[in-house]
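A look at the structure
Here is how the chains run, residue by residue.
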Amino acid sequence: MGRRAKQHFEFEAISIDRSASESQYRQLENQIREAISGGLLTAGSRVPSSRRLAEILGVSRNTVLTAYEQLISEGYLESETGSGTRVAQFLPETFDYVEQPETPQATDGFEELLSTSGKLLARYASWMPDFAPLPQAFRPHLPAVKEFPTSAWNRLASEQARWSMRHLDQCDSQGYEPLRQAVAEYMGVSRGVSCSSEQVIITSGAQQGLNLVTQILLEPQDAIWVEEPGNAPANQLLELLGFRIIPVPVDQSGIDLTRVPEPKTSPKLIYVTPGGQWPLAMTMSPDRRQQLLAEAERHQSWIIEDDYNGEFRYTGRPYPTLSSLDQRGQTIYMGSFSKLLFPAIRLGFLIVPEQIAGAFAYARWLNDRFSSPLTQMVLHRFIESGQFLKHIRQMRSLYQERQTCLYEMLMHELGEAIDVDLPESGMHLVVQGKTPQLDQELMAAADRASMEYHSVRMYAREPEQVPGMVLGFAAFDQKQIKKAVRNWAQEFNQR
């Protein structure tokens, strides 16, 4: 038997910074990739099993698995059943036969070469989410894609894929008309919004919808009132487009119009999430809705009602939407199928006054023409066949069970250290430590447990004033929820 090859790289030396904003699996994959590229890990050499490396580094096995999967997909590692995971024989770098010129070093003043928009994008670039094929509890924003009826969707997709000349000519910038009709009918029944198909604009998601609204209704430097804390990516887009963002604090009833910062600038647009505030999850009260409409009328302001998860209400009947209450007709309703169905669908919709629907359609045509007709056709059939309503009802029941499970586990395992409310709707809970110190210790324990979450301060314009953690529950079953909370509590109790 030949001698075992000497290991030149000590895996015990890998440093995982648990306080860093960069995820643990990303830190791990970067260090292994550098070791391979630098020759410390040679072609064909074995790396520890995921279980063993997790024990060595004191991280979860899923963290190691995610890092290994990424390196395998990039060609740095290869895995065979029975022989473990090894460094690939032929690394990605070996295929770069042409010698590349040395990359010039960026100067310290490089950012000064960017436009005003470019500087903002560079500042916010860290918001770009990392793609991780195995999301861990409790990553926010995710619906229960494992529960989606893919067989029914695939059957309808196959049916619609048999295109005729009629299909090939379907390129309405306002959206596929049968889908718009189905959305209008559903909104009337489900959300009490009386509208025609001519008022529905199909978009490629909420961000595009927001962009279209600003192009048609606002002038440069117009003031926009937004919730604080609020939808940070949407606020960043508005800032990027050159508008003045005025954060208005929220309380348990929603946006608090008595706390508009001085001097009170009249807004051209007010952007709110009344059905389930992001990120704090409270539902805007009926009185606050009427106050908001009255204030918008006084200022002659438009309102965007972002109803990203209004279908998932678990207590009582839904409150009337702002759009259904607005007698002036200056509330734009914005919905998204990405949260209701699955993120990759990239379809949403606006409901706008019929008099300006043509302007929205033409703006869409100038931007990117239209969304994929095939996807719109499949979604139309999904709604028309009753599968959509059936799925929403099943998810509403499932999400309520998962919300209750998470809440009860949090109270049982961490109740003495946390404050947590059980909101009426939504796909996440917000957990706050009873003191600022406990808040920090809870986050540190969550990092040690390789638990995913968002800090509330991510979504605030003044982050030092906002404690708490956002925990998404929709995508995780009760077994995952219980295990994750127990691991978190164990790490917290060992602090």
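Figured I'd write up the structure that's included with this text. Note that the coordinates shown come from a computational prediction; the quantities given were computed from them, not determined experimentally. (Residues numbered from 1 in each chain as written. Predicted model: local features only at pLDDT ≥ 70, side-chain atom pairs only at ≥ 80, totals over all residues. Heavy atoms only, no water.)

A few words on the pattern of salt bridges. Scanning all chains against the criterion turns up 22 salt bridges. A salt bridge links E29 to R26, with the nearest nitrogen and oxygen atoms 2.9 Å apart. Note that E29 and R26 are positioned in helix α1 (residues 24-37) at a spacing of three residues, about one turn of the helix. Across this residue pair, the class does not change: E29 and R26 are buried. Residues participating in the shared-partner salt-bridge network are R26, E29, R33 and E74. (Salt bridge = Lys/Arg side-chain N within 4 Å of Asp/Glu carboxyl O. Helix = DSSP H or I, 4+ residues; strand = E, 2+ residues; numbered from the N terminus. Buried < 20%, exposed > 50% of the residue type's maximum accessible area, 1.4 Å probe, protein only.)

If you trace the eight strands from one edge of the open sheet to the other, you get β3-β10-β9-β8-β7-β4-β5-β6, paired in mixed fashion. Looking at which strands have only one partner, the edges of the open sheet turn out to be β3 (200-203) and β6 (254-255). Where strand β7 (residues 269-272) and strand β8 (residues 302-306) come together, four bridges link them in parallel fashion. From the neighbouring strand, L269 faces β8, where its bridge partner is W302. (Pairing = 2+ DSSP bridges.)

Turning to the pairing of β7, a few remarks are in order. Residues L269 and Y271 point to one face of β7 and I270 and V272 to the other, with burial holding for every one of them. Strand direction decides the pairing type here: strand β4 (residues 223-228) and β7, joined by three bridges, are parallel. In the strand pairing of β7, I224 is matched with L269.

A separate point is empty space enclosed by the protein. The gaps left among the atoms become clear once a water-sized probe is rolled over them. One pass over the structure, following the stated rule, counts four cavities of 30 Å³ or more. Approximately 140 Å³ is the volume attributed to the largest cavity. Along its surface, the largest cavity is lined by 16 residues, and Y186, M187, E311, L340 and F349 are the ones closest to its centre. Elements with a minimum of two residues in the lining of the largest cavity: α7 (177-190), β9 (331-336) and α12 (337-340). When grouped by side-chain class, the residues that make up the lining of the largest cavity number 10 nonpolar, three polar and three charged. If you add up the space inside the second largest cavity, you get close to 80 Å³. Lining the second largest cavity are 13 residues, with P140, H141, W278, M427 and H428 positioned closest to its centre. (1 Å grid on protein atoms, 1.4 Å probe; cavity = no way out; pocket = protein on both sides within 12 Å on 5 of 7 lines; lining within 4 Å. Points joined across faces, edges and corners; volume = space filled by probe spheres on them. Nonpolar A, V, L, I, M, F, W, Y, C, P; charged D, E, K, R; others polar.)

Proteins that are soluble and globular tend to have nonpolar side chains buried together. Core analysis: the biggest nonpolar cluster contains 68 residues, and F138, F337, L341, L410, L471 and W488 have the highest contact counts within it. The contact partners of W488, leaving out residues within four places of it in the chain, are L410, L414, V431, L442, A445, A446, A449, M451, M469 and L471. (Core = buried A, V, L, I, M, F, W, Y, C linked by side-chain atoms within 4.5 Å. Contact = heavy atoms within 4.5 Å.)

Positionally, Q24 belongs in helix α1. Q24 sits 20 residues away from G44 along the chain, and the two C-alpha atoms are 25 Å apart. Setting aside chain neighbours within four positions, we find Q24 in contact with I16, R18, V59, T63, D447, R448 and S450. A polar atom in the side chain of Q24 sits 2.4 Å from the backbone oxygen of D447. Of note is the side chain of Q24, whose polar atom sits 3.1 Å from the side chain of S450. (Polar contact = N/O pair within 3.5 Å; in protein donor to acceptor, adjacent residues only side chain to side chain.)

Residue E29 is classed as buried on the basis of its relative accessible area of 1%. Only 2.9 Å separates the side chain of E29 from the side chain of R26, close enough to count as a polar contact. Dropping the residues within four chain positions of it, E29 is found in contact with A67, Q70, L71 and E74.

Turning our eyes to something else, we now look at the packing of aromatic side chains. One pass over the full model with this rule turns up 14 aromatic pairs. The interplanar angle of 15° and the centroid separation of 5.6 Å between the aromatic rings of Y362 and W365 together place this pair among those described as stacked. Highlighted residues: Y362 and W365, both in helix α13 (residues 357-368), separated by three residues, approximately one helical turn. You can call W365 partly exposed: its relative accessible area is 35%. Through pairs of rings, three or more aromatic residues link up here, namely Y186, Y333, F337, F349 and F388. If you follow R313 out to its NZ or CZ, it ends over the ring of Y319, 4.6 Å from the centre. Of note, R369 hangs over the ring of W365, and the distance from its end group to the ring centre comes to 3.8 Å. (Phe/Tyr/Trp six-rings, centres within 6.5 Å; stacked < 30°, edge-to-face > 60°. Lys NZ or Arg CZ within 6 Å of the ring centre and 35° of its normal.)

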